[in-house]
Amino acid sequence: MIHGVVDQQNEVLARLSSLRQHQQGGTRSPHKPLLVLLALGQLSATGTSEISWATAATKLADLIRDYGPPSATQPAQSAAYPFTRLRSDGIWTLNADVPMDRVQPLAANAVVGRLEPLLEQALRDAGLAAAAARQLVESEFPPTIAPDVLMAVGLDPDAILGAADGYTARRRRRGSWPVAILEAWDRQCAFCGFDGQLGAATVGIEAAHVRWFTFGGPDAVDNGLALCSLHHKLFDRGVLGLGDDLRIIVSSRFTSRTTAGQSVYELHGRPLRPRPGTSLPAAAHVDWHTNEVFKGPGLTL
Ligand SMILES: [Zn+2]
């Protein structure tokens, strides 16, 4: 390496951020970033980014199912796409020359993948690895979900999301937006009506984007809902959605065993209850959430 350490670090982050450019029109495609995050978790835990196909076929498939957009693709097939295709981005290698996308040759040859050696070497720097993980997770997921994804790949969310940030430039948020959303919804959860306060301050109620900020969702009143912390999380994970008539839909894939958890079912079919004059979520943003986030189909009553 002739150029300096900082150049090298920026080059690594730029190479990884190019994965994001495969997305168009707000379509989510977190498959490759999830594989790289899994490899970073592996590198941090074991000192090597090696992931066998057997591991990918379960762990990566689970990550894609749990944190990816709704999809009818078979789990092993959904893992085979990034496991083979990430090679063409020049950051992933396989120990056998197998065709793109096909599960059978991966299984038959017990193929093992790993980050490209020079890249892996650079990412042994814990600070750079943390910056890379942060960049990947924040470009794909909202803040409600990023910590869950990091934990799922074996990385420490506090260390990564709390790390001093000299690397990445971020799209600027409008600081006044959350306040405007909470006001527009009377500082209550738009789904359950929770309106907790501690003293004079609202507690446990957040401004939620319908179309995620990371996927072009604007800080606009017709792209926001005030939601309690629980329903914000469930909305961002696709447990809860909105129908064309703006009634709440509960995913039929959500299950719960206690009455506390099962109270979520009772939201199904409820209308939103905005303050008079509040702009309701725009159809385009609701459609994005339905297509990219909600784990349909909804419950049938
Ligand atoms: Zn709520």
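**Some details on the domain arrangement of the protein**
- When its domains are assigned, the protein resolves into domain 1 (5-161) and domain 2 (177-292).
- Each of domain 1 and domain 2 has a C-alpha centre, and these two points are 30 Å apart.
- On the domain 2 side, the residues contacting the 19 residues of domain 1 number 13 residues.
- In total, about 1400 Å² of surface goes out of reach between domain 1 and domain 2, with carbon and sulfur atoms giving 51% of it.

**Considering the pattern of salt bridges**
- On inspection of all chains with the given rule, the structure shows 12 salt bridges.
- A salt bridge links Arg 15 to Glu 116; the nearest nitrogen and oxygen atoms lie 3.5 Å apart. Pair noted here: Arg 15 is in helix α1 (residues 5-17) and Glu 116 is in the loop between β3 (112-115) and α6 (117-122), with a separation of 101 residues, a long-range link.
- A residue is classified by how much of its surface remains accessible, and Arg 15, at 28% relative accessible area, is partly exposed.
- Salt bridges here are not isolated pairs; linked through shared partners, they connect Glu 50, Arg 114, Glu 120 and Arg 124.

**Some details on empty space enclosed by the protein**
- Under the counting rule described, the total for this entry stands at 1 cavity of 30 Å³ or more.
- Its boundaries defined by the atoms lining it, the largest cavity holds a volume of some 50 Å³.
- Taken together, the residues that form the lining of the largest cavity break down as 5 nonpolar, 1 polar and 5 charged.
- When residues of the lining of the largest cavity are assigned to domains, at least three map to each of domain 1 (5-161) and domain 2 (177-292).

**Details of the packing of helix α3 (residues 53-67) against helix α4 (residues 75-85)**
- Contact geometry for α3 and α4: axes closest at 8 Å, N-to-C directions at 105°. As summarised for this structure, α3 and α4 are arranged roughly perpendicular, according to the angle between their axes. Residue-level contacts link Trp 53, Ala 56, Ala 57, Leu 60, Ala 61 and Ile 64 of α3 to Pro 75, Ala 76, Ser 78, Ala 79, Ala 80, Pro 82 and Phe 83 of α4.
- Of the residues that constitute the contact of α3 with α4, the class distribution is 12 nonpolar, 1 polar and no charged.

**Here we look at the coordination of the zinc ion**
- Within the first shell, the zinc ion binds the protein through Cys 189 (SG), Cys 192 (SG), Cys 228 (SG) and His 231 (ND1), at distances of 1.9 to 2.3 Å.
- Coordination at the zinc ion is tetrahedral, judged from the 4 donor atoms that bind it and the angles of 94 to 120° they form at the metal.
- Mapped onto the sequence, the residues coordinating the zinc ion show the spacing C-x2-C-x35-C-x2-H. Taken together, the residues Cys 189 in the loop between α10 (177-184) and β4 (197-198) and Cys 228 in strand β7 (residues 224-228) connect sequence positions 39 residues apart.

**Examining the packing of aromatic side chains**
- In the structure shown here, the tally under the stated rule is 7 aromatic pairs.
- Between Phe 191 and Phe 235 the ring centres are 5.7 Å apart and the planes differ by 80°, which places this aromatic pair in the edge-to-face class. With Phe 191 in the loop between α10 and β4 and Phe 235 in helix α11 (residues 229-236), this residue pair connects regions lying 44 residues apart in the sequence.
- Since its relative accessible area comes to 1%, Phe 191 is described here as buried.
- Between Phe 254 and Tyr 265 the ring centres are 5.9 Å apart and the planes differ by 75°, which places this aromatic pair in the edge-to-face class. On the criterion of sequence distance, the pair formed by Phe 254 in the loop between β9 (248-250) and α12 (259-262) and Tyr 265 in the loop between α12 and α13 (283-292) is long-range, its members being 11 residues apart.
- For Phe 254, a relative accessible area of 17% corresponds to the buried category.
- By relative accessible area, which is 29% here, Tyr 265 ends up partly exposed.
- Joined through ring pairs, the aromatic side chains of Trp 53, Phe 83 and Trp 92 make up one cluster.
- Cation over ring: Arg 20 sits above Phe 215, and NZ or CZ is 4.4 Å from the ring centre.

What counts, and at which threshold
- Within every chain, residues take consecutive numbers counted from 1 along the sequence as written.
- A pLDDT threshold of at least 70 governs which residues receive local features in this predicted model, and a stricter bar of 80 or more applies before side-chain atom pairs are shown or counted, although totals over entire chains, interfaces and linings include all residues.
- Only hydrogens and water are set aside when side-chain values are computed; all heavy atoms of the structure are taken into account.
- An automatic or database domain assignment is the source of the domain bounds shown.
- Contacts are residue-level and defined by heavy atoms, with any inter-residue pair within 4.5 Å sufficient.
- Joining two parts hides part of their accessible area as seen by a 1.4 Å probe, and the buried area is that hidden amount summed over both.
- What makes a salt bridge here is a side-chain nitrogen of Lys or Arg within 4 Å of a carboxyl oxygen of Asp or Glu, nothing more.
- Only DSSP runs of H or I with at least four residues qualify as helices, and only runs of E with at least two residues qualify as strands; both kinds are numbered from the N terminus onward.
- When a residue's accessible area, from a 1.4 Å probe over protein chains only, is under 20% of the maximum for its type it is buried; when over 50% it is exposed; and in between it is partly exposed.
- The pocket and cavity definitions rest on a 1 Å grid over protein atoms only: a 1.4 Å probe that fits but cannot leave marks a cavity, an open set with protein on both sides within 12 Å along at least five of seven lines marks a pocket, and residues lining either have an atom within 4 Å of a point.
- Grid points are joined across faces, edges and corners, and a volume is the space filled by probe spheres set on the points.
- The nonpolar class holds Ala, Val, Leu, Ile, Met, Phe, Trp, Tyr, Cys and Pro. Asp, Glu, Lys and Arg form the charged class, and all remaining residues, Gly among them, are polar.
- Axis angles are defined between N-to-C directions and span 0 to 180 degrees, where every axis is a line fitted to C-alpha atoms and, for a helix, only to the segment in contact.
- Our angle categories are set so that under 35 degrees counts as roughly parallel, over 145 as roughly antiparallel, 65 to 115 as roughly perpendicular, and the remainder as oblique.
- Counted as donors are the N, O and S atoms within 2.8 Å of the metal, or 3.2 Å for Na, K and Ca, while water is not among the atoms, so some sites may look incomplete.
- Any coordination sphere not matching a tetrahedral pattern (four donors, all angles between 85 and 135 degrees) or a square planar or octahedral pattern (four or six donors, opposite donors over 155 degrees apart, other angles between 65 and 115) is reported as irregular.
- Paired rings are identified among Phe, Tyr and Trp, the last through its six-membered ring, by centres lying within 6.5 Å, and are further divided according to the angle between planes into stacked (under 30 degrees), edge-to-face (over 60) and tilted (the rest).
- We call a charge positioned over a ring when the NZ of a Lys or the CZ of an Arg lies within 6 Å of the ring centre and within 35 degrees of the ring normal.

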